[in-house]
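Fold and contact review
What follows is each chain in one-letter form.
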Amino acid sequence: METLVVDHPLVAHKLTTLRDVRTDSPTFRRLADELVTLLAYEATRDVRVSEVTVQTPVAQAKGVRMAKPYPLVVPILRAGLGMLDGMTRLLPTAEVGFLGMIRNESTLQAETYATRLPDDLSGRQCYVVDPMLATGGTLAAAVQFLFDRGAVDVTAICLLAAPEGLAYMDKVFANSGKPIRVVTAALDERLNENGYIVPGLGDAGDRLYGVV
Ligand SMILES: O=P(O)(O)OC[C@H]1O[C@H](OP(=O)(O)OP(=O)(O)O)[C@H](O)[C@@H]1O
Ligand SMILES: O=c1cc[nH]c(=O)[nH]1
Ligand SMILES: [Mg+2]
């Protein structure tokens, strides 16, 4: 598995405000949206394109267009929804599948309550968006859903990642033979005794949408 920590002063600036406990929900949403666009720029470096020729007002020019099948963007509900608009702004032709998952806060195991994905993902590049990669249980289950349907490679875009979560992903998919990438704005120190990322930003879903 490949991990890319995007090292950019604008990313660091926005992430610092996102972490700040005083940042209110509307500002948190806006910053999450802006951050995903910056991360997606790096995450889509290998997006497949095909060569085309267009006629400019002056001459013919060689260029590229997004290749079919178009990529699939998969937000993991609830918190991943806060990253969907930023992704589709950059990839307007992408299709969107949904996974609803919640981590049981006692066992830290991911539970799936909704799946709305194409049955056949053969040959598709998939981009999973979820702000937090903590134990890695949620992301590992999400990636497995996509591989089971034939996805060829999966890139996860996370605002924050914990070393424990990356190690878990490495272990689970060590023999998958399929490329997996994690693109994140920061690799934090560790998880605390409740499975929260330290220093982290708290519960991303609650900060985006309020406590339920
Ligand atoms: O790496 P893990 O230990 O599995 O934890 C990460 C998951 O926890 C959060 O979602 P949560 O379960 O809080 O659901 P929510 O989006 O509805 O708030 C987060 O958005 C990830 O999906
Ligand atoms: O720190 C964490 C860990 C899991 N989920 C969150 O929203 N935050
Ligand atoms: Mg949550």
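The subject of this paragraph is the overall build of the protein. Per the secondary structure count, the protein includes 6 helices and 13 strands. Taken against the 2.2 N^0.38 rule, which gives 17 Å for 212 residues, the C-alpha radius of gyration of the protein at 17 Å falls within 12% of a compact globule. With 212 residues in all, the protein has 36% of them scored as buried.

For residues other than glycine, phi is negative in most cases, and the peptide bonds are mostly trans. Note the cis peptide between Lys-68 and Pro-69, where omega equals 0 degrees. Along the chain, the position of Pro-69 falls in the loop between strand S3 (60–66) and strand S4 (72–77). Here the bond from Val-198 into Pro-199 is cis, since omega is 0 degrees, no more than 30 degrees from zero. Examined against the element boundaries, Pro-199 turns out to sit in the loop between strand S13 (197–198) and helix H6 (204–209).

So, on to the confidence of the model for the protein. On average, residues of the protein score 97 in pLDDT, and 100% of them are at 70 or above. This prediction of the complex comes with two scores: 0.96 for pTM and 0.98 for ipTM.

Every residue lining ligand 2 is accounted for by Met-132, Ala-134, Tyr-196, Ile-197, Gly-200, Asp-203, Ala-204 and Gly-205. In terms of residue class, the shell around ligand 2 is built from 5 nonpolar, 2 polar and 1 charged.

Turning our attention to the nonpolar core. Within the largest apolar cluster, 54 residues are counted, with the highest numbers of intra-cluster contacts made by Leu-35, Val-128, Ala-142 and Ile-157. Ranked by residue count, the leading element in this core is helix H2 (residues 25–43), at 8 residues. Once you skip the residues sitting within four places of it in the chain, Val-128 turns out to touch Val-74, Ile-76, Leu-139, Ala-142, Val-143, Val-154 and Ala-156.

Helical geometry note: an α-helix holds 3.6 residues per turn, so side chains three or four residues apart project in the same direction. Taking 1.5 Å of rise per residue, the 12 residues of helix H4 (residues 137–148) would be expected to cover 16 Å, and the 16 Å separating its terminal C-alpha atoms lies within 8% of that figure. Residues of H4 that are buried include every one of Gly-137, Thr-138, Leu-139, Ala-142, Val-143, Phe-145 and Leu-146, and no others. Positive backbone phi, approximately 100 degrees, marks Gly-150, located one or two places after H4.

A separate point is the site of ligand 1. Neighbouring residues of ligand 1: 23 residues in total, closest Arg-78, Ala-134, Thr-135, Thr-138 and Gly-205. Residue classes in the shell around ligand 1 are distributed as 12 nonpolar, 7 polar and 4 charged.

A word on the packing of helix H1 (residues 9–19) against H2. Geometry of a packed helix pair, given as the angle between the helix axes and the separation of the axes. As a packed pair, H1 and H2 sit with axes 10 Å apart at the nearest point and diverge in direction by 155 degrees. Considering their axes alone, H1 and H2 lie roughly antiparallel with respect to each other. Where H1 crosses over H2, the two elements pack in a sense that is left-handed. Judged by residue contacts, Leu-10, Val-11, Lys-14, Leu-15, Thr-17 and Leu-18 of H1 engage Phe-28, Leu-31, Ala-32, Glu-34, Leu-35 and Leu-38 from H2. Here the residues of the contact of H1 with H2 sort into 9 nonpolar, 1 polar and 2 charged.

What follows deals with the environment of Met-169. For Met-169, the position within the fold is in helix H5 (residues 163–172). Given 22 C-beta atoms within 10 Å, Met-169 falls into the buried group. For the pair Met-169 and Ala-141, spaced 28 residues apart in sequence, the C-alpha to C-alpha distance is 9.8 Å. Discounting chain neighbours no more than four positions away, the residues touching Met-169 are Met-1, Gly-136, Leu-139, Ala-140, Ile-180 and Val-182.

Take the pairing of strand S10 (residues 153–161) next. Within S10, 8 of the 9 residues are buried, leaving the element largely enclosed by the surrounding structure. The pairing of strand S8 (residues 125–129) with S10 spans 5 bridges and is classified as parallel. The partner of Tyr-127 across the bridge, within S10, is Thr-155. With 2 bridges joining them, strand S9 (residues 132–133) and S10 adopt parallel strand pairing. Counterpart to Met-132 in the pairing with S10 is Leu-160. Read from S9 through H4 to S10, the crossover connection turns out right-handed. With 7 bridges connecting them, S10 and strand S11 (residues 180–187) associate as parallel partners. Each bridged residue has a counterpart across the sheet, and for Val-154 the counterpart in S11 is Ile-180. Between S10 and its parallel partner S11, the chain crosses via H5, and the hand of that crossover is right-handed.

What counts, and at which threshold
Residues numbered from 1 in each chain as written. Chains lettered and ligands numbered in written order. Predicted model: local features only at pLDDT ≥ 70, side-chain atom pairs only at ≥ 80, totals over all residues. Helix = DSSP H or I, 4+ residues; strand = E, 2+ residues; numbered from the N terminus. Rg over C-alpha atoms; globule rule 2.2 N^0.38 Å. Buried ≥ 20, exposed ≤ 12 C-beta atoms within 10 Å, placed from the backbone. pLDDT = per-residue confidence, 0-100. Near = placed C-beta within 6 Å. Nonpolar A, V, L, I, M, F, W, Y, C, P; charged D, E, K, R; others polar. Core = buried A, V, L, I, M, F, W, Y, C linked by C-beta atoms within 7 Å. Contact = placed C-beta atoms within 7 Å. Expected span 1.5 Å × (residues − 1). Axes fitted to C-alpha atoms, helices over the stretch in contact; angles between N-to-C directions. Parallel < 35°, antiparallel > 145°, perpendicular 65-115°, else oblique. Left-handed = near helix turned anticlockwise from the far one by under 90°. Pairing = 2+ DSSP bridges. Right-handed = clockwise from strand over helix to strand, strands pointing away.

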